[in-house]
Protein chains: 2
Amino acid sequence: MKTLGVHIIMELSGCQADFLDNVEKIKELMIKAAIAANAHIKEAVFHKFNPIGVSGVVVIAESHISIHTWPECGYAAVDIYTCGENTDPWKACDVITEELKAQSVFITQIDRGIPTDNNRFVHTLHTTEEVRGYVESS
Amino acid sequence: MKTLGVHIIMELSGCQADFLDNVEKIKELMIKAAIAANAHIKEAVFHKFNPIGVSGVVVIAESHISIHTWPECGYAAVDIYTCGENTDPWKACDVITEELKAQSVFITQIDRGIPTDNNRFVHTLHTTEEVRGYVESS
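Residues numbered from 1 in each chain as written. Chains lettered and ligands numbered in written order. Predicted model: local features only at pLDDT ≥ 70, side-chain atom pairs only at ≥ 80, totals over all residues. Heavy atoms only, no water.

(A) Fine view of the packing of helix 2 (residues 23-36) of chain B against helix 3 (residues 89-99) of chain B. Residue and element names in this part refer to chain B. As a packed pair, helix 2 and helix 3 sit with axes 7 Å apart at the nearest point and diverge in direction by 150 degrees. Between helix 2 and helix 3, the interaxial angle falls into the category roughly antiparallel. Seen along the crossing, helix 2 lies across helix 3 with a hand that is right-handed. For the pair formed by helix 2 and helix 3, the contact residues are Leu29, Met30, Lys32, Ala33 and Ala36 on the first element and Lys91, Ala92, Val95, Ile96 and Glu99 on the second. Along the lines of polarity and charge, the residues of the contact of helix 2 with helix 3 split into seven nonpolar, no polar and three charged. (Axes fitted to C-alpha atoms, helices over the stretch in contact; angles between N-to-C directions. Helix = DSSP H or I, 4+ residues; strand = E, 2+ residues; numbered from the N terminus. Parallel < 35°, antiparallel > 145°, perpendicular 65-115°, else oblique. Left-handed = near helix turned anticlockwise from the far one by under 90°. Contact = heavy atoms within 4.5 Å. Nonpolar A, V, L, I, M, F, W, Y, C, P; charged D, E, K, R; others polar.)

Structure, rendered in structure tokens:
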């Protein structure tokens, strides 16, 4: 199935709060993730919020990578969106999940820009969850 | 259901090619959309690709709004991601869909950062499609 892009949407829980509130470290991590995905960085824009939280986007030639953090919840919302055949968005996911020490990751992969017979474009969704440190309640 | 953010993912088809390849007009449109959603703009980063296409992100205090265009296909991939109760991402969607004169819009709304009983965060998905100018093949 031909698709113009792959967009990975992640909810990361149980992350280290200090890391999530450190704009310099978050920026460094997102740039490292973009490089791991073999993306070409055009610009990186990051902001620290008062009193808490970081937002940032790395604009890449192949689309974008973004993060928004809630340190008080140990939570980060991450998007990895790449186009073309030379990038691997999952490598960026691995870097981010590993360095933030996320205890669970709830993921939807969206294949974007899938052409239909009617000259329209649609997307498909596939959701998975990885739980590391948590014990499920029964 | 408490949620930390609403993320609208749109595939817009049948858009005006000239508009999709004009980086200044696309930037102006995305800023207008952010304002329509009552978002607070922190930064706007846009790029024109050679030979064709535009990418851009408006970083807002409430998350981000992005666009990636394929003028040769009349196609644009748009994300509107807002947090908090004072923004309305659907107003941004309406502005963009209207001005690009999209003939069909394939949309998934993702409610992000939904806390579970296990201190994890997940998201939910809801997909819809609006077809304007096209006639369905049977």
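Alright, that's what it looks like, and here's the rest.
(B) The pairing of strand 6 (residues 104-115) of chain A, seen in detail. All names here are of chain A. Burial of strand 6 is extensive: eleven of the twelve residues sit out of reach of the surface. When strand 1 (residues 5-13) meets strand 6, the two strands line up antiparallel, connected through nine bridges. Counterpart to valine 6 in the pairing with strand 6 is aspartate 111. The sheet contact formed by strand 6 and strand 7 (residues 121-131) spans ten bridges and is antiparallel. (Buried < 20%, exposed > 50% of the residue type's maximum accessible area, 1.4 Å probe, protein only. Pairing = 2+ DSSP bridges.)

(C) Up close: helix 3 of chain B. Residues and elements named next belong to chain B. Regarding helix 3, the residues found buried are Pro89, Ala92, Cys93, Val95, Ile96 and Thr97. On its buried side, helix 3 packs onto strand 1 (5-13), helix 2, strand 5 (75-82) and strand 6 (104-115). Between the side-chain oxygen at the start of helix 3 and the backbone nitrogen of tryptophan 90 there is a gap of 3.0 Å, and the oxygen is on aspartate 88. Residue lysine 101 follows helix 3 closely and has a positive phi angle near 55 degrees. (Polar contact = N/O pair within 3.5 Å; in protein donor to acceptor, adjacent residues only side chain to side chain.)

(D) Focus on the pairing of strand 4 (residues 63-70) of chain B. All names here are of chain B. When you tally the buried positions in strand 4, you get eight out of eight residues, the bulk of the element. Across six bridges, the pairing between strand 3 (residues 54-60) and strand 4 is antiparallel. Opposite valine 57, over in strand 4, you have serine 66 as the bridge partner. Connecting strand 3 to the antiparallel partner strand 4 that follows it, the hairpin turn spans two residues. Sheet topology note: the strand 4/strand 5 ladder contains eight bridges and is antiparallel. The partner of serine 66 across the bridge, within strand 5, is aspartate 79. Between the antiparallel neighbours strand 4 and strand 5 lie four residues, among them glycine 74 with a positive phi of about 65 degrees.

(E) Main features of the interface of chain A and chain B. At the junction of the two partners, chain A supplies 47 residues and chain B supplies 47 residues. Contact with chain B buries surface across chain A, with Arg120, Phe121 and His123 of chain A losing the most and accounting together for 16% of the total. Inspection of the chain A/chain B interface yields six salt bridges. For the interface between chain A and chain B, the tally reads 24 residue pairs in polar contact (both at pLDDT 80 or more). Taken together, the elements giving at least two residues each to the side of chain A that touches chain B come down to strand 1, strand 2 (41-48), strand 3 (54-60), strand 4 (63-70), strand 5 (75-82), strand 6 and strand 7 of chain A. Of the residues assigned to the side of chain A that touches chain B, the class counts are 24 nonpolar, 15 polar and eight charged. (Buried area = accessible area lost by both parts, 1.4 Å probe. Salt bridge = Lys/Arg side-chain N within 4 Å of Asp/Glu carboxyl O.)

(F) How the structure looks around the sheet that holds strand 2 (residues 41-48) of chain B. All names here are of chain B. If you walk across this open sheet you meet the seven strands as 2-3-4-5-1-6-7, and the pairing is antiparallel. Whereas interior strands pair on both sides, the edge strands pair on one side only; in this sheet they are strand 2 and strand 7 (121-131). Each neighbouring strand pair of the sheet contributes to a mean axis angle of 10 degrees, computed without reference to strand direction. Packing against the sheet, helix 2 makes contact with strand 2, strand 3 and strand 4, and its axis sits at approximately 155 degrees to strand 2.

(G) Representation of the pattern of salt bridges. Taken as a whole, this structure holds ten salt bridges over all chains when the rule is applied. Of the charged contacts in the structure, one is a salt bridge between glutamate 129 of chain A and arginine 120 of chain B, with a shortest N-O distance of 2.9 Å. Within this pair, whereas glutamate 129 of chain A is found in strand 7, its partner arginine 120 of chain B is found in the loop between strand 6 and strand 7, the two belonging to separate chains. By relative accessible area, glutamate 129 of chain A is classed as partly exposed at 35%.

(H) Geometry of the relation of the copies chain A and chain B. Rotating chain A by 180 degrees and translating it 0.0 Å along the rotation axis places it on chain B, where the RMSD comes to 0.0 Å. The two molecules are tied by a two-fold rotation axis, judged by turn and shift. Take the interface residues of chain A: 100% of them recur as interface residues in chain B, which is what a same-surface contact looks like. (Least-squares fit on C-alpha atoms with pLDDT ≥ 70 in both.)

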